[in-house]
Amino acid sequence: MFGLKPKAKPVASTPFSDFIRNASRTEKKRVYKQVIEKACERQNRLLNAVLAPRA
């Protein structure tokens, strides 16, 4: 009887989990690409702000 974990209680579905389960491969790739592009833009802006010569 040792080692048996109680079952986790089900939680409500979220829009994110619905997307992961139900979106087509093409739609997921499109969304992931947008997310990565935006993250790269933010990181580049941050680096440029930090590394820009002070006037």
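Residues numbered from 1 in each chain as written. Predicted model: local features only at pLDDT ≥ 70, side-chain atom pairs only at ≥ 80, totals over all residues. Heavy atoms only, no water.

A. Here's a closer look at the overall build of the protein. Scanning the protein from N- to C-terminus turns up two helices and zero strands. For 55 residues, the compact-globule estimate of 2.2 N^0.38 gives 10 Å, and the C-alpha radius of gyration of the protein, at 21 Å, exceeds that figure by more than 25%. Along the first, second and third principal axes, the C-alpha set of the protein runs to 70 × 35 × 20 Å. Classification of the 55 residues of the protein by burial places 5% in the buried group. Looking at the protein as shown, the accessible area adds up to about 5,900 Å², and 63% of this sits on carbon and sulfur atoms. Charged side chains in the protein number 13 positive and 4 negative. The centres of these two groups are separated by 8 Å. (Helix = DSSP H or I, 4+ residues; strand = E, 2+ residues; numbered from the N terminus. Rg over C-alpha atoms; globule rule 2.2 N^0.38 Å. Buried < 20%, exposed > 50% of the residue type's maximum accessible area, 1.4 Å probe, protein only. Areas by Shrake-Rupley, 256 points an atom, 1.4 Å probe, with all protein chains shown as cover. Lys, Arg positive; Asp, Glu negative; His and termini not counted. Charge placed at Lys NZ, Arg CZ, Asp CG, Glu CD.)

B. Structural context of the pattern of salt bridges. Under the definition given, this model contains two salt bridges. Among the ionic pairs, aspartate 18 bridges to arginine 21, the shortest N-O distance being 3.2 Å. Of the two residues, aspartate 18 and arginine 21 are both situated in helix H1 (residues 15-22); the distance of three residues between them amounts to about one turn of the helix. Look at aspartate 18 and you get partly exposed, because its relative accessible area is 31%. Across the pair glutamate 27 and arginine 30 runs a salt bridge whose closest N-O atoms are separated by 4.0 Å. A residue pair is termed a helical-turn pair when its members lie 3 or 4 positions apart in one helix, as glutamate 27 and arginine 30 do in helix H2 (residues 25-51) at three residues. (Salt bridge = Lys/Arg side-chain N within 4 Å of Asp/Glu carboxyl O.)

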